Amino acid sequence: MTVKIRFFARFRELLGTDIITEVVAGTMLTSLITTIAKRNPEGYAAIFDENGAFHEFVILMKNGRRIDIIDAAKTPVEDGDEIAVFPPVAGG
Amino acid sequence: MIAIQTDDVDIGDLITAAKRRGTGAVVVFDGVVRDDDITEMELEAYEDVATQELENIAKKATEQFKLLHVDIIHRIGRLSVGENILIILVTAGHREEAYAGSRFIIEAIKTGVPIWKKELTKDGGRWVPGEHGHGSGKPR
């Protein structure tokens with residue numbers, strides 16, 4: 001199955017965006033983002049701490065709805081999902 | 001009008017279009033690119049989600065403060081010092097509701113709408129830190 005990952009702001013600069021990737025059924029959100037982020041050590045360090053946990057400020061969305069980073073490890077991704085990963089917002 | 005767009009808008013035209021029967025106060029917030037030793041500012045949005053969030057904020061403000069009209073236009077792309085970034089226009093029967101509604105909207109945008117700013121300088125650029133009010137990415 002196929003999902004799309006969108007990074008924004010500094011995460012986008014480090015990891016790119018609109019990444020279409022194939023995943024196997026049962027893949028969890030944390031696992032997916034970890035795999036993609038490891039393509040660039042600086043990008044990985046921007047999102048994850050030294051223990052492999054999300055930095056507390058990281059915001060996740062699945063199809064436009066926020067997913068708590070605590071729940072990401074048990075949230076499966078599904079075919080056609082759009083996953084967004086971004087730092088705290090700074091509009092206005 | 002709720003929009004995320006690259007183009008600027010004519011605030012005078014917005015004011016004219018917003019006035020209607022019962023309007024007693026119009027409050028305009030105009031956020032502009034400040035001269036903080038930068039050359040330009042680059043703005044980026046998760047557009048679909050950001051637009052939906054702006055619509056939700058406008059609806060909530062309208063209900064809570066009895067606003068008669070709300071416009072929110074947030075610009076993205078590359079902007080020069082002095083250019084408009086964000087225009088919030090609200091109307092109400094009285095000034096108290098108009099001021100409070102406008103303030104509510106800007107504070108909600110600052111903490112909950114996926115938009116980011118990068119200040120471009122002669123030496124490169126720096127992302128404007130966001131407000132860390134989310135707590136584990138949870139909605140406020």
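Above: the structure in question.
What counts and how
Residues numbered from 1 in each chain as written. Chains lettered and ligands numbered in written order. Predicted model: local features only at pLDDT ≥ 70, side-chain atom pairs only at ≥ 80, totals over all residues. Helix = DSSP H or I, 4+ residues; strand = E, 2+ residues; numbered from the N terminus. Expected span 1.5 Å × (residues − 1). Buried ≥ 20, exposed ≤ 12 C-beta atoms within 10 Å, placed from the backbone. Contact = placed C-beta atoms within 7 Å. Nonpolar A, V, L, I, M, F, W, Y, C, P; charged D, E, K, R; others polar.

1. Some details on unusual backbone geometry
At step 1: In this structure, A:D18 is a non-glycine residue whose phi angle is positive, near 50°.
At step 2: Along the chain, A:D18 falls in the loop between α1 (10-15) and β2 (19-22).
At step 3: Here the phi dihedral of B:D37 falls at roughly 60°; this positive angle occurs in a residue that is not glycine.
At step 4: Relative to the helices and strands, B:D37 is located in the loop between β2 (25-32) and β3 (40-45).

2. Focus: helix α2 (residues 47-65) of chain B
All names here are of chain B.
At step 1: For α2, which comprises 19 residues, the first-to-last C-alpha distance of 26 Å matches the rise-based estimate of 27 Å (1.5 Å per residue) to within 8%.
At step 2: Buried within α2 are the following residues: V49, A50, E53, L54, I57, A58, A61 and F65.
At step 3: Count one or two residues on from α2 and you reach K66, which has phi positive near 55°.

3. Quick word on the interface of chain B and chain A
At step 1: Taken residue by residue, the interface counts 27 residues in chain B and 22 residues in chain A.
At step 2: Every element with two or more residues in the side of chain B that touches chain A is listed here: α2, α3 (95-112) and β7 (115-121) of chain B.
At step 3: Looking at which element gives the most residues to the side of chain B that touches chain A, the answer is α3(B), with 4 residues.
At step 4: Residues that form the side of chain B that touches chain A fall into these classes: 13 nonpolar, 8 polar and 6 charged.

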